[in-house]
Amino acid sequence: MAGNEWINGYLEAILDSGASAIEDHKPAPAVSVSVSDRDNFNPTKYFVEEVVSGVDESDLHRTWIKVVATRNTRERSSRLENMCWRIWHLARKKKQLEWEDVQRVAHRKWEREQGRKDVTDDMSEDLSEGEKGEVIGEPVKLDSPPRHHLDRNFSTVEVWSDNNKEKKLYIVLISLHGLVRGENMELGRDSDTGGQIKYVVELARALAKMPGVYRVDLFTRQVLSPEVDWSYGEPTEMLSTGPEDANLGESSGAYIVRIPFGTRDKYLRKELLWPHVPEFVDGALAHILNMSKALGDQIGGGQPVWPYVIHGHYADAGDSAALLSGALNVPMVLTGHSLGRNKLEQLLKQGRQSKEDINSTYRIMRRIEAEELSLDAAELVITSTKQEIEEQWGLYDGFDVKLEKVLRARARRGVNCHGRFMPRMAVIPPGMDFSNVVVQEEIAEGDGDIAALTNEASSPKAVPPIWSEVMRFLTNPHKPMILALSRPDPKKNLTTLLKAFGECRPLRELANLTLIMGNRDDIDEMSGGNASVLITVLKLIDKYDLYGQVAFPKHHKQCDVPDIYRLAGKTKGVFINPAVIEPFGLTLIEAAAHGLPMVATKNGGPVDIHRALNNGLLVDPHDQNAIADALLKLVSEKNLWHECRKNGLRNIHLFSWPEHCRTYLTRVAACRMRHPQWQTDTPADEHAAEYSLNDSLKDVTDMSLRLSIDGDKTSLNESLDMAASGDNQVQDQVNKLLSRMNKPEPGARDADADRKLADAPSKYPMLRKRRKLIVLAIDCYDSNGAPEKKMINLIQEISKALKLDAQLARQSGFALSTAMPMSELTEFLKSGNIKLNDFDALICSSGSEVYYPGTYTEEGGKPCPDPDYATHIDYRWGSDGLKKTIWKLMNATEGLKSSQSSGVIEHDVKSSNSHCLSYLIRDLSKARKVDDLRQKLRMRGLRCHLMYCRNSTRMQAVPLLASRSQALSC
């Protein structure tokens, strides 16, 4: 009886809503519901139309036999038996009318074509053969309907293709918060993390399979807490190997790299991670350096293979990526996912919290500042929609749509932009893995009726567990399902959806509502916002008495999500995303791939998705009547439902992962080679060759020497005999080994010997040999603007403590960072009898100059700044334009021109250099204008770092990269 269970379900629905609306011997018309008459809508006609359209007479006959045989309730069975006969007559009558309509249409078409042919023959008698052209009566071959596609706008940029197989790129992705792993992902553990985690993991997998990509590292946080699964504490997890047809090395593929930072034995939500970002940068930098060397040995011919791009996801990862980008001289890409300024606006509109409470709960101001800094450093910002560019990133000081277009046009024409820069914005929709929806696409080719649902349900093994979990809530699970899948966050707007469903009687009688709201064990243990939404949902279900019509299971796995979509598709249901604002809407793509039409918010990414797929309706998320009308329209008008389903399946390939990665690599390749090349090769000098322990160990472990070590059978004398026998290569190696064995080991030297070695001339800084770096920052001034004398005593004490520990002095470098210029610093150190050579590095003028005492010197022994570092920070540095803008903004007062005002600042020529604009503040009471200056410079596209202390009279503007790499560049 499995084949006709769906008929019984519809008959039950007809009985529940009343069967008096069925007219004998008349076919049920197609149902079309408008906003004006939805209150008069009778779902009985809808269900009759469904049965009449998809009925098979043999199934209907079996249903009738079943009704006659089982007469548990006499009155109800009689009604079912009578209804079977009436539906059978309706079906026969409908087939007869349909056949007559087909005959009538065919006859009219033949008459019309015959008339056109006669007219054409009459007209052709007066035309020559060259004037006739196309014959009117001849059928025209139409191309396939135009396919909606997203505007890539690559102009002349070469699209990434399989021809790049010879390239071997190393790509770094960063996503710090949440719980990240490759399988069985726990989505929704932290707010704003579910879609992001899934996106970055699948992006890493997809990039690793692209031609030309060798390795992809996804950096995240290592969590060793007993509250979470042990897999989140694994340092490395392999996601996938590289392309199957490529012969790659052992380090190829995609990996999750977990960096320990913060409280390691406790899971921290993203708002608590901000103080620990520098710790993550240190760990990530160490891993990248080691991996670059390892990849250099495998594919780089001995030269380090640096990351092709560093891609930060969300504000915290963007802040980290900016630091790594400046230190490694690698282009940075940013994806915001969810933006702080937009979230702040939405929360303020709700009126539930003040700005201070919002900042206390979400650390929103720290997040916004990190997003501003990320904008300053990013080469490329990837968004999901155009709306995100204009309405969300447009809220930031660091980006302006109109100014970005002007700067891009000036750069294209070769016109000087005077150091002004804004990152390129690229719309690249997220991809999706369609491997689990192949069967669904095959189903879409047929009529897609609900009989398939019961056919699968007939076999217990064939029914996915999540189907039973959902159906146990529903009185009649055969009704079309309205599916919403999101975490219970207030901005997801689930309560408005429930009100729209509960207050629309036709929608309640016609369809069921399924809410997949993450996973929960106890509502009391959930966060305040999520718990409040769930409690409101339960209250609304009780208020509108929606028991048996709304499903809200407590648990589901990530692997259950495709089955949930399939269940909704088999019931001819609709997917809805009613969020107040949706940055993109990945669930809409997933639903379309499973053949579900959509109803979505008109705020955010769904606008672009609808433009590409054309598979549903957009609504105002604050208008519950509009939500109800859109759902009722899609569920009741089957022609519209099938058209939306067909459009979605036809255009869904635009959101595939290969398409996304191809566009991604094309965009990233366009921003390459904009940085100056950093000199990564370190020339060997005499000291390195003399005390190189690594070379000695390499020689000892060389099997060609066959030395006697710990019982080795071949002695040193035998090796010497071998050398004497004429093997010149072995002889050279043995002589080299003996010469080094006679010299003291590096570990035997004391701190004074190290300092003497540092004093000697060298081809590269001694600091590069150090394992640790101690940086002392001195920027404290008294009321007169002079450095305090106690700073001298502090430096002397630290230097003395460092020399007392010989091992620490051997391994650690000692650097001094200050806002003072080199001339002022020299006088300052001389006053305390401190030598410049006591430091491995001197970072002066707020990071605009880096000196290595004993490395770069002039003829008189005067140190000169590192030329490579100067080239590095010169990137995007427009000192002339910046100088004019600062002078105009700071010295202009209200109502006066800059030339008429006395001014707040004056130029400090003595403390300035080519990469540092130094000013003296005349009136400290007006120094608060410096805070406004940062915002105004960003709005004008000027990128710099302002160094300023409130108790100081000095303000300095240096290149942005100087603040990010001054210490790391050592």
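Everything below is about the structure printed above this text.
Residues numbered from 1 in each chain as written. Predicted model: local features only at pLDDT ≥ 70, side-chain atom pairs only at ≥ 80, totals over all residues. Heavy atoms only, no water.

Turning to the sheet that holds strand 2 (residues 213-221), a few remarks are in order. Strand order in the open sheet formed by eight strands is 3-4-2-1-5-6-7-8, with mixed pairing between adjacent strands. With partners counted over all chains shown, the strands left at the sheet margins are strand 3 (236-240) and strand 8 (424-427), one partner each. On average, adjacent strands in this sheet sit at an angle of 25 degrees to one another, irrespective of strand direction. As paired strands, strand 5 (residues 309-313) and strand 6 (residues 332-335) are joined by four bridges and run parallel to one another. Looking across to strand 6, one finds that His311 is bridged to Val333. (Pairing = 2+ DSSP bridges. Helix = DSSP H or I, 4+ residues; strand = E, 2+ residues; numbered from the N terminus. Axes fitted to C-alpha atoms, helices over the stretch in contact; angles between N-to-C directions.)

Quick look at helix 8 (residues 314-328) now. Over its 15 residues, helix 8 extends 21 Å from the first C-alpha to the last, a length consistent with the 21 Å expected when each residue adds 1.5 Å. Among the 15 residues that make up helix 8, 14 are buried, leaving the element largely enclosed by the rest of the structure. At the C-terminal side of helix 8, Asn329 shows a positive phi close to 60 degrees. (Expected span 1.5 Å × (residues − 1). Buried < 20%, exposed > 50% of the residue type's maximum accessible area, 1.4 Å probe, protein only.)

Moving on, we get to a positive patch on the surface. On the surface, Arg420, Lys888, Lys936 and Arg940 cluster together to form a positively charged patch. Of note, Lys888 is situated in helix 35 (residues 879-891). Looking at Lys888, the relative accessible area reads 58%, which means it is exposed. (Patch = residues over 30% accessible without salt bridge, like charges linked within 9 Å, V, L, I, M, F, W, Y side chains within 5 Å. Areas by Shrake-Rupley, 256 points an atom, 1.4 Å probe, with all protein chains shown as cover. Salt bridge = Lys/Arg side-chain N within 4 Å of Asp/Glu carboxyl O. Lys, Arg positive; Asp, Glu negative; His and termini not counted. Charge placed at Lys NZ, Arg CZ, Asp CG, Glu CD.)

Let us look at the packing of aromatic side chains. Any aromatic ring pair is given by two values, namely how distant the centres are and how the planes are angled relative to each other. According to the stated counting rule, one finds seven aromatic pairs in the structure shown. Judged by centre distance (4.9 Å) and plane angle (45 degrees), the ring pair of Phe473 and Phe552 falls under tilted. Taken as a pair, Phe473 in the loop between helix 16 (465-471) and strand 9 (481-485) and Phe552 in the loop between strand 11 (550-551) and helix 20 (561-570) lie far apart in primary sequence, 79 residues in all. Of the two residues, Phe473 and Phe552, both sit in the buried class. Measuring from centroid to centroid gives 5.9 Å for Tyr565 and Phe575, while their planes differ by 55 degrees, and the two rings are tilted. Linking Tyr565 in helix 20 with Phe575 in strand 12 (residues 574-577), this pair joins segments that are ten residues apart in sequence. Assessed through its relative accessible area of 1%, Tyr565 is described here as buried. Judged by its relative accessible area of 0%, Phe575 falls in the buried class. An aromatic cluster of three or more residues is present, and its members are Phe219, Phe261 and Phe280. (Phe/Tyr/Trp six-rings, centres within 6.5 Å; stacked < 30°, edge-to-face > 60°.)

Spatial strand order, 15-16-17-18: four strands in an open sheet with mixed pairing. Edge positions in the sheet fall to strand 15 (772-778) and strand 18 (849-851), since each has one partner strand and no second. The mean angle between the axes of side-by-side strands here comes to 20 degrees, regardless of whether they run parallel or antiparallel. The sheet contact formed by strand 16 (residues 812-818) and strand 17 (residues 841-844) spans three bridges and is parallel. When the sheet's bridge partners are listed, Ser817 is paired in strand 17 with Ile843. Where helix 33 (residues 822-830) meets the sheet, it contacts strand 15, strand 16, strand 17 and strand 18, and its direction lies at approximately 125 degrees from that of strand 17. (Contact = heavy atoms within 4.5 Å.)

For the rest of this paragraph, the subject is the pattern of salt bridges. Counted according to the given criterion, the structure contains 27 salt bridges. Salt-bridge contacts for Arg181 lead to Glu186; the nearest nitrogen and oxygen are separated by 3.7 Å. If you follow the salt bridges from partner to partner, you end up with Glu369, Asp376, Arg938 and Arg943 in one network.

Secondary-structure assignment places Tyr869 in helix 34 (residues 867-873). Using a relative accessible area of 1% as the deciding quantity, one classes Tyr869 as buried. Taking the C-alpha atoms as reference, Tyr869 lies 8.9 Å from Ala962; in sequence the two are 93 residues apart.

For the pair helix 8 and helix 11 (residues 364-377), interaxial distance at closest approach is 8 Å and the crossing angle is 45 degrees. The orientation of helix 8 relative to helix 11 falls into the category oblique. Both helix 8 and helix 11 take part in a crossing whose hand is left-handed. Mapping the contact onto sequence places Tyr314, Ala315, Gly318, Asp319 and Ala322 in helix 8 and Arg366, Arg367, Ala370, Glu371, Leu373, Ser374 and Ala377 in helix 11. Split by residue class, the contact of helix 8 with helix 11 holds six nonpolar, two polar and four charged. (Parallel < 35°, antiparallel > 145°, perpendicular 65-115°, else oblique. Left-handed = near helix turned anticlockwise from the far one by under 90°. Nonpolar A, V, L, I, M, F, W, Y, C, P; charged D, E, K, R; others polar.)

Among the nonpolar cores identified, the biggest contains 76 residues, and Leu498, Leu515, Val550 and Leu631 are the most heavily contacted of them. With seven residues, helix 23 (residues 624-636) is the largest single contributor of residues to this core. In contact with Leu498, other than residues within four places in its own chain, are Leu513, Leu515, Val537, Leu540, Ile541, Tyr544, Leu546 and Val550. In terms of nonpolar packing, the next biggest core, distinct from the first, is built from 55 residues, Phe280, Phe399, Cys417 and Met422 among them. (Core = buried A, V, L, I, M, F, W, Y, C linked by side-chain atoms within 4.5 Å.)

It is worth spelling out the side chain of Asp316 at this point. Tracing the backbone through its elements, the reader meets Asp316 in helix 8. Buried Asp316, no salt bridge; nearest opposite-charge side chain is Lys270, N-O distance 7.8 Å. A distance of 2.9 Å separates the side chain of Asp316 from the side chain of His177, its partner in a polar contact. Those residues within four positions of Asp316 in sequence are excluded, and the remaining contacts are Leu176, His177, Lys270 and Trp274. (Polar contact = N/O pair within 3.5 Å; in protein donor to acceptor, adjacent residues only side chain to side chain.)

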